[in-house]
Amino acid sequence: MEMLRNQLTMMIKPASAACNLACDYCFYLDTAHHREVGVLPLMKNEVADAIIQKSLAEAKHCSFVFQGGEPSLAGLSFFERFVEQVALRKSEEHTISYAFQTNGLKVDRAWARFFKKHDFLVGVSFDGSPRLHDLHRFDSQQKGSGRSVASALSLLKEEGVQFNVLSVVTNELAQNIKQAYTYLVNHEIYYHQYIACMDPLQDEKSYLSPDVYGRFLKELFDLWFASWQQGTPVSIRFFDNLVGMLAGYPPESCDMGGVCSVNYVVESNGDVYPCDFYCVDDQRLGNIGENSFAQLDAKRTELRFIEDSPNRTDDCATCQWRLLCRGGCKRYRSETGYKYCSSMQEFFPYAIQRLEMVA
C-alpha cells in the first residue's frame, strides 16, 4: 500500500441534478442547464462499482460524499449496496468515511438508521427556520418544505445520527440571522454552515448583496462569540476555520485556501469534473469507468484549473487581511475581483480581536 495516496475524496451525484424541490436559487440545476445534457439518469451499479474499485486502488483513506441534486432519489437500496460493496472490497489497511448532503424530504426512520449504522455524516439543507426556509426552498407547486425538513432534523437527532445544517445566505436570511440562529440553537442544533448564495452562471440576478453580507457576518459573529463566552459553543464552519488559521493550521474548507484543491466530482453517468461548481462540458476531466486517476489529473492540469485559481488582483496582493481571506472561492469572482471583498473588509476589523482571543 506504500504507493497509495493517503487521502481521496470522491463527491458522487447518484441522481445527477434531479431533485424533489425546485429552489429558485439552486446553483447545481443552473450549472446542469449549461451542459449539453443537463439532468442525467440515475447512477447504474457498474458506475458505482468503478468508483469503489478505483478509489480503493488509489488511496488508503477513501471518503465517499454523496450529493446532488438530491441523492436520496437514487433510493436507499442503492446506498445499501454501495456500502456493502465497499465492505467486501476494502482491505484491513483501508479506512472509509461517508457523508451525505440532503434536502431531508425523503429522510424517514429507515434512512436515519442506515446513516447511524454506517457512521454517515449528514448535511441537511435548511435555511434557519421553516419560515425563512420556505422563501426559496419549495417544490414545483411552490409549496414550502420547511416543516418537513424540521421534522427530518428531529428524526436524525432521535436516532443519534451525526448531522449539521447548511443554510444558504440570501438577503432575507442575512437580515433575519438572529431569528435563524436562535431557532437552530433552541432546537439543540449546534453545527452550522452558512454559504453565501451563488449567482447564476450567466444571469444578472443576485440573491445576496455585499453590504448585506457584511452586516450578516458581523451579527452572526456576535451571536457565535456570545455562545462561546457562555460556555455553550456553536460550530460555524467559517469562524472555526478562521480560528484554526490564526492558530497556525491550514483551512479545511477548500474555498478558504486561496487556491483550488484536487477534487473529483462524479456525475451519475461516471463523468468526472474538478469541482462541484464547475460541472460543465468544457471542464470535464474524463469518465471514472474509462480513465485512470493519472489521466483525470493530467486533464485538470491541461485545463489549468488549479494553476489559474488564485485571486491575483492588486487589491488582494496588498490587503492586510489577505492571509485570512485569500481572495475567496473563484466561483464568487469576476474580472473585477471577489464579489464579497467589501464584506470581508468590513468584517475582519470588527471581529479580529475576538477571533484571536478564541484562537
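For the structure, check the block above.
Here the structure is a predicted model, which means the values were calculated and not measured.

Novice: Where do I start with the packing of helix α10 (residues 237-246) against helix α14 (residues 341-358) in this structure?
Specialist: For any two helices packed against each other, one specifies the crossing angle of their axes together with the interaxial distance. Orientation of α10 relative to α14, taken along the N-to-C sense of each, is 65 degrees, at an axis distance of 10 Å. In this structure, α10 crosses over α14, and the sense of that crossing is right-handed. Facing α10, whose interface residues are F238, F239, L242, V243 and L246, α14 presents M344, F347, F348, I352, L355, E356 and V358.

Novice: Mind showing me how you'd approach the environment of N176 here?
Specialist: Assignment of secondary structure puts N176 in the loop between α7 (171-174) and α8 (177-186). For N176 and G128, which are 48 residues apart along the polypeptide, the C-alpha to C-alpha distance reads 9.1 Å. What N176 contacts, discounting residues up to four positions off in sequence, is R131 and L132.

Novice: It is not clear to me how helix α4 (residues 109-117) should be interpreted in this structure. Could you clarify?
Specialist: In an α-helix, one full turn covers 3.6 residues, which means residues spaced three or four apart are oriented alike. Of the positions making up α4, those classed as buried are W111, A112, F114 and F115. Projected down its long axis, α4 shows its buried positions confined to an angular sector of 160 degrees, all on one face. Set apart from the buried face of α4 by more than 90 degrees, the exposed residues are R113 and K117. In this structure, the buried residues of α4 make contact with α3 (76-89), β3 (95-102), β4 (120-125) and α6 (146-158). The N-capping residue of α4, defined by a side-chain oxygen 3.2 Å from the backbone nitrogen of A110, is D108. D119, located one to two residues past α4, shows a positive phi value of around 55 degrees.

Novice: Would you mind going over the pattern of salt bridges with me for this structure?
Specialist: It is possible for side chains bearing opposite charge to pair when their charged atoms get close. On inspection of all chains with the given rule, the structure shows 19 salt bridges. Between E159 and R109 there is a salt bridge, with the nearest N and O atoms lying 2.5 Å from each other. Remark: R109 occurs in helix α4 and E159 occurs in the loop between α6 and β5 (162-169); sequence separation between them is 50 residues. Since its relative accessible area comes to 17%, E159 is described here as buried. The partner of R237 in a salt bridge is E252, with the nearest N and O atoms 2.8 Å apart. Within this pair, whereas R237 is found in helix α10, its partner E252 is found in the loop between α10 and β8 (264-266), the two being separated by 15 residues in sequence. Classification of R237 as partly exposed rests on a relative accessible area of 30%. Judged by relative accessible area, E252 falls into the exposed class, the value being 51%. By sharing partners, the salt bridges in this structure join R5, E58, D297 and R300 into a single network.

Novice: What exactly am I supposed to notice about unusual backbone geometry here?
Specialist: In most cases, non-glycine residues show a negative phi, while peptide bonds are predominantly trans. Residue G68 is joined to G69 through a cis peptide bond whose omega torsion reads 15 degrees. Mapped onto the elements, G69 comes out in the loop between β2 (59-66) and α3. Of note in the backbone geometry, S16 takes a positive phi value of approximately 55 degrees without being a glycine. Looking at where S16 falls in the secondary structure, it is placed in the loop between β1 (5-12) and α1 (27-32). At R304, a position not held by glycine, the phi torsion is positive, near 55 degrees. Among the structural elements, R304 can be located in the loop between α11 (293-303) and α12 (314-318). Take R304: its relative accessible area is 41%, and that puts it in the partly exposed class.

Novice: Sorry if this is basic, but what is going on with α3 here?
Specialist: Here α3 is 14 residues long and its end C-alpha atoms lie 20 Å apart, about the 20 Å a rise of 1.5 Å per residue gives. When α3 is considered as a whole, its buried residues turn out to be L76, F78, F79, F82, V83, Q85 and V86. Check the buried side of α3 and you find it contacts β1, α2 (45-58), β2, β3, α4 and β4.

Novice: Would you explain the pairing of β4 in this entry?
Specialist: Looking along a regular strand, one sees side chains alternate from face to face of the sheet. Counting buried residues along β4, five of its six residues qualify, which places the element largely inside the surrounding structure. Bridge analysis of β3 against β4 gives five bridges, and the strand direction is parallel. From the neighbouring strand, F100 faces β4, where its bridge partner is V122. For the crossover that starts at β3, traverses α4 and ends in the parallel β4, the hand is right-handed.

Novice: Sorry, what's going on with the side chain of R300 here?
Specialist: With respect to the element layout, R300 can be found in helix α11. Residue R300 is classed as buried on the basis of its relative accessible area of 4%. Discounting chain neighbours no more than four positions away, the residues touching R300 are V262, N263, Y264, P274, L285, F305, I306 and E307.

Novice: Looking at this model, I keep getting lost on the sheet that holds β2. Mind explaining?
Specialist: The strands making up a sheet associate through hydrogen bonds between their backbones, and the pairing can be parallel or antiparallel. Read across the sheet, 10 strands follow the order β7-β6-β5-β4-β3-β2-β1-β8-β9-β10 without closing on themselves; strand pairing throughout is mixed. Across the chains shown, the open sheet's two edge strands, defined by having one partner strand only, are β7 (235-236) and β10 (286-287). Note: β4 against β5, five bridges, orientation parallel. Note that in β5 the partner of S125 across the bridge is L166. The strands touched by α8 are β5, β6 (191-196) and β7; relative to β6, the strand with the most contacts, the crossing angle is about 155 degrees.

Parameters at a glance
- Along each chain, residues carry numbers from 1 onward, in the same order as the chain's sequence is written.
- Owing to the predicted nature of the model, reporting of local features is limited to residues with pLDDT of at least 70; listing and counting of side-chain atom pairs is limited to 80 or more, with chain, interface and lining totals taken over all residues.
- Only hydrogens and water are set aside when side-chain values are computed; all heavy atoms of the structure are taken into account.
- Note on method: axes are straight lines fitted to C-alpha atoms, helices fitted across the in-contact stretch only, with angles between N-to-C directions ranging 0 to 180 degrees.
- Under the scheme used here, helices are H or I runs from DSSP no shorter than 4 residues and strands are E runs no shorter than 2 residues, and both carry numbers assigned from the N terminus.
- Crossings are classed by handedness, with left-handed meaning an anticlockwise turn of the near helix from the far one by less than a right angle and right-handed meaning a clockwise turn.
- Any two residues whose heavy atoms approach within 4.5 Å are treated as being in contact.
- A simple rule labels every residue: compare its accessible area, found with a 1.4 Å probe on the protein chains alone, to the largest value its type can have, and call it buried under 20%, exposed over 50%, or partly exposed in between.
- The arc refers to the directions leading from the helix axis to the C-beta atoms.
- What qualifies as a polar contact is a pair of N or O atoms within 3.5 Å, subject to a donor-acceptor requirement within protein and to the restriction that residues adjacent in sequence count only when both atoms come from side chains.
- Salt bridges are counted wherever a side-chain nitrogen of Lys or Arg sits within 4 Å of a carboxyl oxygen of Asp or Glu.
- Working rule for helices: expected span equals 1.5 Å times residues minus one.
- Strand pairing follows a simple DSSP-based rule, namely that at least 2 bridges must link the two strands.
- Convention used here: a crossover is right-handed provided that the path from the first strand, over the helix, to the second strand proceeds clockwise when the strands point away from the viewer.

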